[in-house]
Amino acid sequence: MTDDFERRVRDRLRARAEPPARDLAALSAYLADLPSRQRRGIFARRTIPMSAVTGVAVVVVAAIGLGLALSSRAPTVGPSPISSVAPAPSPSLTLSPENTTWTEVQLGTMLDGGYLSAVVPFGRGFVGVGQATTPGPGAAAAWSSPDGRTWTRTATIADPLSYVSGVARSADGGTLVAIGYQADDRTMAWTSRDGVAWTAAELSTPTTGPNFAAFEIVAGESGFLVLGHYEPDTGDAWPADIDPLTPLLWQSLDGRAWTRVEIPESRIQVEAIAASGTGFLAGGARRDGSSWAPAIWTSVDGQGWSAAMELPGGSGVVDQNTAVNAIAAGPDLILAVSDRVDQAPGRVWSSTDGTTWQLIGDRGAADPMARILTWTPGGFILAGFVGDTPGEWTLVLSASADGASWTQLLAKPAPTGGNPGSLATDGSGTVLISFGQSLLVGSRSRATAAPTARATTDLPVFDLSGTAWRATSVSGQAVSAEDPPWLEFDWLGRPNGRGFTGCDAFGFGATVDAGRIAIGDLILSSADCAGPGSDVKETFLAAFRAAETWSIDGDLLTLQGSSGEITLARDLPPMGDPGRALAEVLQIGEWRIVSAPGVVGLASLAPVRFADRLMIGMGECGFSSDLRFGIGGELDISEVDWDTAGCGTKDGRPALKQILEAITTGGPGPDGAVVLSGPEGEVILGR
Amino acid sequence: MEAVLTLAVPSRADLVRAARAGDRDAFGVLVAPDLVAALGTSRLVTGSADDGADAVQDALLSAWQGLDSLRDPQAFPAWFRQHVVRAALRIAKRRRRVVELDVGRSAPDHELDRAIALRQLDRAFDRLEPGDRLILSLRHVWDLPGSEIARLLDVPEGTVKSRVHAALARLRAAYDAEERR
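I will try to describe carefully the structure that is included in this document. Along every chain, residues carry numbers that run from 1 in the direction the sequence is written. Chains and ligands are labelled by the order in which they are written, letters from A for the one and numbers from 1 for the other. Given that the model is predicted, a residue must reach a pLDDT of at least 70 before its local features are reported, and side-chain atom pairs must reach 80 or more before they are shown or counted; all residues, however, enter totals for whole chains, interfaces and linings. Side-chain numbers here rest on the full set of heavy atoms in the structure, without hydrogens or water.

### Re the sheet that holds strand β16 (residues 291-299) of chain A
All names here are of chain A.
Piece 1. If you trace the four strands from one edge of the open sheet to the other, you get β14-β15-β16-β17, paired in antiparallel fashion. With partners counted over all chains shown, the strands left at the sheet margins are β14 (268-275) and β17 (309-310), one partner each.
Piece 2. In this analysis, strands are considered paired if DSSP registers two or more bridges between them. Note on conventions: DSSP H or I runs of at least 4 residues are helices, E runs of at least 2 residues are strands, and numbering of each starts at the N terminus. Taken together, the two bridges between β16 and β17 define a ladder with antiparallel strand orientation. Residue pairing across strands places A295 opposite E310, the latter belonging to β17.

Spelled out as structure tokens, the structure:
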């Protein structure tokens, strides 16, 4: 890769394009042998059937605006106010160059040569989708990451020669929907509840064939909206029920059942879509005479769409030949941006309801070409490029709370892959921008990451269920590494957990919301405290009972309240350690015990799941066990406790208990399996 | 005494009028300035010399047959390029994308390196979607300005820039992947 990449591309393309003299001679002969125009239609010989020639005329005339009257359906729905439901982000959360550190992560090895199209926050980390190199070239696949820095393959979504272009998380955080196409060219959506198991659903297209692509998906309270496009072919019969400039949109409430919807206007171009608190927005351009004018459409449910709202340019005159290139909805503000073209500067418009728009600023001549505009709890983030030559592109990230004033967060040579595919942020303030084979990871410094009560209601839920933490300090005072206080949250997400004060064991009830925590009942054992933890017992308990907010920064959990602050470290091996990788893999989805030495009947055993400190055999006649992930892949399983009520014992469960409790290590096996090893033999876990 | 030779150059409108009347030579004059670029672009978009030639022939035929729909003779070049674009895309989408490496092993080492580098770039380009190949070809082979590409693809001018940008990014990613093979 060199800085003159585009020049090399240009030179190479021109060299390859140079036609041999014989081809030009053949064309001259062909020109001389064209059929008589008076006998039009009879001599459509060669490869084009007559229907195709007719199609050519239709498409060309439609496309260059020479007067063919395409059916133009009058909009039937008035502008739909798009309200917001969440409060504005607290200024203390606003991203700035000072509070955010950016790291470029190369994905090549972790993805085994694959390609990450898009990322989304999910559960305790992120899920990414893209194309893998196995089991064949271009297989749609999914990966997961706790922090954006390390990625583990979790699923093959579709057979080779498929493609996944985007992914979104449902408003409730529980469902992922990825979009793309299969090897048979069908346009698809895939849903998943865990990033591991994916269920396919087809998005209907006007005709079959490879010319349709879904490329953007957004999710909101009204479900999912997908934007796609098709490219007209001269040789194919033109779909009778659509016109060439009608964008493809699909809507779904659950990601499984999809409806193809249309904005009831022809001759429009949709460049971007967004979800707001109560609806959807589409931005693009509307054909206005011989030119294009930037326009916005709104919908409450994704099915009925408003008429186009043309956006004002300078002096109230609509810009010519521009389009809304990106759009994003925040809690109380919606922003749309256009890129500059020869005739007009780039613009920024804002709206509070999606129906009334005002021009709030011009983007300067040096402003980047907008690629992604996203609202995050830290404000709007705009990712774009400056420069015309790939090797010299500068990636520019800017943040704004109001769209009028922008703070440049970062300007650096564009990462490998060049083109940002998606931007995702989690509750800890980590920002991921995917570039195919690399990621840019932005992390907020701890001092500014602590959420305030108001802002935390906006944060996506970082799933604390099943996590275990060991206290490192209480109200600024370091605690002993020997028998420190610890906390474990219920692995099923129920509002309770258990812990240790350094002296006493306790159980607790807690309401955990996005960034907020309220401790309810607390049942404390009575112990005779003489250990090293006795001196922090009272301060720990006081701070824990009064905790009001929680925040995550990497492996650190901070609880804050009126009686102090507790900092706890995740009770797992550090990130990057094989033991941590083992934990992250095992905690994704469900596993089946495929084989264990001398044990039969495993197929009837329900799946198992893993938390930080638990291994659970699901279902009736299942089991629970204590678990500890160690450095380097060490694994200690103990107290395998079968649910024997009504289950009998004439099977391999006692033997399996013995084998499991002897496990000492774990690591990756063939074909995505995990191998747990010990003196009693190997246990193979598979999906 | 100098001889002054005055040639009557037919206007584009004259040529279109003649072509509509069935004058193949006039039609040939109209398309001639674009034939080399049309052939080159079609070869790149379809990924094959034969398919590229077929695409141009298809475009010539469809333009010839569709001359009656051309209202503004001055718009003939852009109108013809539209035929080329459509024909090339149609053929390209019926072909498979992946082209296998075929480097001459008998070449000297330094020549081989260069051939491999070029072939990696070719392979990366050939693996792009037809739409990406088209927009890069229109920009770098046909050397068309953004406004003309916008008209050809019927998209806003601002979109052209972002699509070129995105296509180059995908090409660079594909090229990087080829380098690691």
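### Focus on the sheet that holds strand β6 (residues 163-169) of chain A
All names here are of chain A.
Piece 1. Pairing within the open sheet is antiparallel, and its four strands lie in the order β6-β7-β8-β9. Across the chains shown, the open sheet's two edge strands, defined by having one partner strand only, are β6 and β9 (199-202). Averaged over all neighbouring strand pairs, the angle between strand axes comes to 25°, with direction disregarded.
Piece 2. Sheet topology places strand β7 (residues 176-181) next to strand β8 (residues 187-192); six bridges connect them, and they run antiparallel. Looking at the pairing, Y181 lines up with T187 of β8. To get an axis, a line is fitted to the C-alpha atoms, and for a helix only the part in contact is used. The angle between two axes follows their N-to-C directions and goes from 0 to 180 degrees.

### A word on the environment of A399 of chain A
Piece 1. Relative to the helices and strands, A399 of chain A resides in strand β24 (residues 394-400).
Piece 2. Linking A399 of chain A and T376 of chain A, residues 23 residues apart in sequence, is a C-alpha distance of 9.6 Å.

### Looking at the packing of aromatic side chains
Residue and element names in this part refer to chain A.
Piece 1. Planes of paired rings set the category: under 30 degrees apart is stacked, over 60 is edge-to-face and the rest tilted, where pairs are Phe, Tyr or Trp rings (Trp by its six-membered ring) whose centres lie within 6.5 Å. Within this structure, the stated rule accounts for 13 aromatic pairs over all chains.
Piece 2. Through successive ring pairs, a cluster of aromatic residues spans F489, F506, F508, F540 and F544.
Piece 3. Ring-over charges, as used throughout, are those where CZ of Arg or NZ of Lys falls within 6 Å of the ring centre and within 35 degrees of the ring normal. In this arrangement the basic side chain of R570 is found over the ring face of W469, its NZ or CZ atom lying 5.6 Å from the centre.
Piece 4. The ring of W591 is capped by R687, whose NZ or CZ atom sits 3.7 Å from the centre of that ring.

### Examining helix α8 (residues 653-661) of chain A
Piece 1. Considered for burial, the residues of α8 of chain A that qualify are R653, L656, I659 and L660 of chain A. Take α8 of chain A and look down its axis: the buried residues cluster within an arc of 120°, on one side only. Burial classification: accessible surface area is computed with a 1.4 Å probe over protein chains only, and a residue below 20% of its type maximum counts as buried, one above 50% as exposed, and the rest as partly exposed. Here, the arc refers to the directions that run from the helix axis to the C-beta atoms.

### Here we look at the nonpolar core
Most often, soluble globular proteins keep nonpolar side chains buried together rather than apart.
Piece 1. Definition of nonpolar core: a set of buried residues of the types Ala, Val, Leu, Ile, Met, Phe, Trp, Tyr and Cys, connected through side-chain atoms within 4.5 Å. Of all hydrophobic cores here, the largest spans 82 residues; its most connected members are L397 of chain A together with F27, L60, F76, L136 and L138 of chain B.
Piece 2. Counting 29 residues, the second-largest nonpolar core is a separate cluster that includes L572, V640, L656 and I663 of chain A.

### Structural notes on a negative patch on the surface
Residues and elements named next belong to chain A.
Piece 1. Taken together, the side chains of D626, D636, E639 and D641 make up a negatively charged region of the molecular surface.
Piece 2. At three residues, strand β42 (residues 635-642) tops the list of elements feeding residues into the negative patch.
Piece 3. By the secondary structure assignment, D641 is in strand β42.
Piece 4. Judged by relative accessible area, which is 48%, D641 ranks as partly exposed. Here a patch means residues that are over 30% exposed by relative accessible area and free of salt bridges, tied together within 9 Å if like-charged and within 5 Å if nonpolar (Val, Leu, Ile, Met, Phe, Trp, Tyr). Here the open area of atoms and residues is found with the Shrake-Rupley method and a 1.4 Å probe, where only the protein chains shown may cover a residue. Only one rule defines a salt bridge in this text: a Lys or Arg side-chain nitrogen within 4 Å of an Asp or Glu carboxyl oxygen. We treat Lys and Arg as the positive residues and Asp and Glu as the negative residues; His and chain ends play no part in the count. Here the site of a charge means atom NZ of a Lys, CZ of an Arg, CG of an Asp or CD of a Glu.

### Points about helix α1 (residues 5-17) of chain A
All names here are of chain A.
Piece 1. Helices are assigned an expected span. That span is 1.5 Å times one less than the residue count. A rise of 1.5 Å per residue sets the reference length of α1, with its 13 residues, at 18 Å; its end C-alpha atoms lie 18 Å apart and thus fit the reference within 8%.
Piece 2. Of all the positions in α1, only F5, E6, V9, L13, R16 and A17 are classed as buried. For α1, the buried positions fall inside an angular range of 95° around the axis, keeping them on one side.

### Points about the pairing of strand β44 (residues 674-678) of chain A
Residue and element names in this part refer to chain A.
Piece 1. Of the pairings in the sheet, the one linking strand β43 (residues 665-668) to β44 comprises four bridges and is antiparallel in character. The partner of G667 across the bridge, within β44, is V675.
Piece 2. In this antiparallel pair of consecutive strands, β43 and β44, the connection spans five residues, and D671 shows a positive phi of 55°.
Piece 3. Pairing geometry for β44 and strand β45 (residues 681-686), over five bridges, is antiparallel. Across the sheet, residue V675 finds its bridge partner in β45, namely I684.
Piece 4. Two successive antiparallel strands, β44 and β45, enclose a turn made up of two residues.

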